[in-house]
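So you can see what is in the structure, the chains are spelled out below.
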Amino acid sequence: MNVRDSEAMAGLLAQLGYAATDDPAEADVIILNTCTVREGAEDRAYGRLGELRALKRRRPGLLLGVAGCLVQQERERVLARAPWLDLVFGVHNIHRLPELLREARDGCMPVYEVWDRSDRDRPLSVLPAHRTGGVRGFVNIIHGCNKFCTFCIVPYVRGRERSVPPADVVAEVRGLAAQGVREVTLLGQNVDSYGHDLTPRRDLAALLELVHEVDGIERLRFTTSHPRDMTRRLIATVARLPKVCEHIHLPVQAGDDEILRRMHRAYTASQYRETADAVRAEMPRASLTTDIIVGFPGETEEAFERTLRFVEDVRFDAVNTAMYSPREGTPAAAYPDQVADEDKRRRLAALNRMQERIAAEINTALIGATQDVLVEEPGRKGGMLGRTRTNKIVTFDGAADLIGRTVPVEIVEAGSWVLRGRRAAYAAGRQPA
Ligand code: SAM
Ligand code: SF4
């Protein structure tokens, strides 16, 4: 979602006549778009601001700004810690960038504007976007979150849920298709809640049907889903619509019921399991990925063992793992039974070890199979890089004229994250999906 916000900022800058550069030393304006979901991201942002200070000393005309969730959380503290900044603005102020930049350029004081999340009646402005011309595009369909999981800062910095009207979503997807985008991901913190705040009420399944009609788009994805809100109707829609890829990202966070309760996730491990089973019953080849936090307050060795057993049992294709990071202002940060860092690190390593083995086993089973790969860009070590419908990254020998095309690739090698393949032919009568 931050990538999408950065695209909007880049689009506004392009409208003002700025051109993009990869070299910070050459830039007239640098805006750091920040994340605050874990402390590590926050530390990195401040570290980077320190580095950019040196650049500003060498080039006093450089305008240095910071935006994003860190600002929303830290407010004036950002300016107190980095007083060399020219511009500080929040996640609800992105559309004001042209005015704020002008003020920063013309004035002699840092410009600071952070609107509060409770500004919920303000219409969602449809911002221009500067896309990098890639094969994949991202479209926000719902902003904010109403869930208030006890570990999570998102509802505090991004505000309450606001759905983007379906007509705006479709218009943005059409625009992307016209720019050559082939795969669109519909974004939200909780896309399964899409539309409950619209009149008439809508849901994600209905939105997928609409977006499915846009010519030129070959593949549709959506993220992130919430286990409590994922409906059988949505699963059936994903299975039925050919462009919607059979990959479900469904964060479970923990496999222990007591931890899930303390996280306020509003489901049990077995309820999650039922949803996962329903996905696999409808789409036997679907990939299922998840997020897991280790070391949430009160997580005992037994509770962690239950999470490990759950991971072994469900067999996810991939797991984004993280150590619990206390976020100031969230309930869990004040829980008395915080887990020691060394226990968190040990649990993270054990979970990662187990998941690497499982992912390698799942991926190894694909060796010899031919997959439809949508080619995205040159691979880092040569050849081309693309993705299967199940969202697995595949590298193979090929030339740049394949970018944007879907080609059959036979998998010849498999690791836990990346598959290696070679160009293959379709069996007679079979065309790319
Ligand atoms: N809305 C999605 C959901 O409900 O799962 C995820 C949104 S969150 C921005 C992305 C991931 O960051 C979460 O799934 C969680 O695993 C991780 N995360 C969020 N807060 C965290 C914290 N305080 N410490 C560690 N990981 C955290
Ligand atoms: Fe955070 Fe996701 Fe929970 Fe919302 S549903 S509070 S974004 S973890």
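Strand pairing within a sheet occurs via backbone hydrogen bonds; the two strands may be parallel or antiparallel. Spatial ordering of the closed barrel is given by 13-14-15-17-16, a layout of 5 strands whose pairing is mixed. Each adjacent strand pair in this sheet contributes to an overall mean axis angle of 55°, direction not counted. In the sheet, strand 13 (residues 370-378) pairs with strand 16 (residues 406-414) via 5 bridges, with the strands oriented antiparallel. For Q371, the partnering residue across the bridge sits in strand 16 and is V409.

A word on the site of ligand 1. By nearness alone, 17 residues border ligand 1, and F151, Q189, Q253, D291 and S325 come closest of all. D291 is positioned with one of its side-chain polar atoms (N or O) 2.5 Å from an oxygen atom of ligand 1. Expressed as a share of its isolated accessible area of 560 Å², the protein-covered part of ligand 1 is 88%. Those elements that provide at least two residues to the shell around ligand 1 are strand 11 (287-294) and strand 12 (318-323).

Here we take up unusual backbone geometry. Between T199 and P200 the backbone carries a cis peptide bond, its omega angle lying at -10°. Note the cis peptide between T223 and T224, where omega equals 5°. Within the fold, T224 resides in the loop between strand 9 (219-223) and helix 9 (232-240). We note that R315 has phi near 55°; this positive angle belongs to a residue other than glycine. The topology assignment puts R315 in the loop between helix 12 (301-314) and strand 12. Assessed through its relative accessible area of 30%, R315 is described here as partly exposed.

Glancing now at the pairing of strand 16. Relative to strand 17 (residues 418-423), strand 16 runs antiparallel, the two sharing 5 bridges. Bridging across to strand 17, E413 finds its partner in R420.

As summarised here, the arrangement of the 3 strands in space is 5-8-9, forming an open sheet in which the pairing is parallel. For this open sheet the edge positions go to strand 5 (136-140) and strand 9, each flanked by a neighbour on one side alone. Within the sheet, the average angular offset between the axes of one strand and its neighbour, ignoring direction, is 25°. For strand 8 (residues 183-187) and strand 9, the ladder comprises 5 bridges, and the chain directions are parallel. Along strand 9, the bridge assignment pairs E183 with R219. The strands touched by helix 7 (residues 166-178) are strand 5 and strand 8; relative to strand 5, the strand with the most contacts, the crossing angle is about 165°.

Bringing the side chain of N363 into the picture now. Relative to the assigned elements, N363 resides in helix 13 (residues 341-364). Of the polar contacts made by the side chain of N363, one reaches the side chain of K392; its length is 2.8 Å. If sequence neighbours within four positions are ignored, N363 has contacts with K392, A414, G415, S416, W417 and L419.

Once that is clear, we can look at the packing of helix 9 against helix 11 (residues 269-282). Close contact between helix 9 and helix 11 brings their axes to 9 Å; oriented N to C, the two are set at 25°. The angle between the axes of helix 9 and helix 11 places the two elements in the roughly parallel class. For the element pair helix 9 and helix 11, the recorded crossing hand is right-handed. Touching R232, I235, A236 and A239 of helix 9 are E274, T275, A278, V279 and E282, all from helix 11. Class assignment of the residues belonging to the contact of helix 9 with helix 11 gives a composition of 5 nonpolar, 1 polar and 3 charged.

Following the criterion strictly, the structure yields 8 aromatic pairs and no others. Aromatic pair F148 and Y156: ring centres 5.3 Å apart, planes at 85°, arrangement edge-to-face. Overall, F148 belongs to the partly exposed group, its relative accessible area being 28%. Judged by relative accessible area, Y156 falls into the partly exposed class, the value being 24%. Site record: aromatic cluster; members linked through ring pairs are F151, F296, Y324 and Y335.

A word on the pattern of salt bridges. Considering all chains together, one arrives at 37 salt bridges under this definition. With a closest N to O distance of 3.7 Å, D229 and R228 form a salt bridge. For D229, a relative accessible area of 16% translates into the label buried. Of the residues examined, R228 reaches a relative accessible area of 47% and is grouped as partly exposed.

Procedures and definitions
- Residues numbered from 1 in each chain as written.
- Chains lettered and ligands numbered in written order.
- Predicted model: local features only at pLDDT ≥ 70, side-chain atom pairs only at ≥ 80, totals over all residues.
- Heavy atoms only, no water.
- Pairing = 2+ DSSP bridges.
- Helix = DSSP H or I, 4+ residues; strand = E, 2+ residues; numbered from the N terminus.
- Axes fitted to C-alpha atoms, helices over the stretch in contact; angles between N-to-C directions.
- Near = heavy atom within 4 Å.
- Polar contact = N/O pair within 3.5 Å; in protein donor to acceptor, adjacent residues only side chain to side chain.
- Areas by Shrake-Rupley, 256 points an atom, 1.4 Å probe, with all protein chains shown as cover.
- Buried < 20%, exposed > 50% of the residue type's maximum accessible area, 1.4 Å probe, protein only.
- Contact = heavy atoms within 4.5 Å.
- Parallel < 35°, antiparallel > 145°, perpendicular 65-115°, else oblique.
- Left-handed = near helix turned anticlockwise from the far one by under 90°.
- Nonpolar A, V, L, I, M, F, W, Y, C, P; charged D, E, K, R; others polar.
- Phe/Tyr/Trp six-rings, centres within 6.5 Å; stacked < 30°, edge-to-face > 60°.
- Salt bridge = Lys/Arg side-chain N within 4 Å of Asp/Glu carboxyl O.

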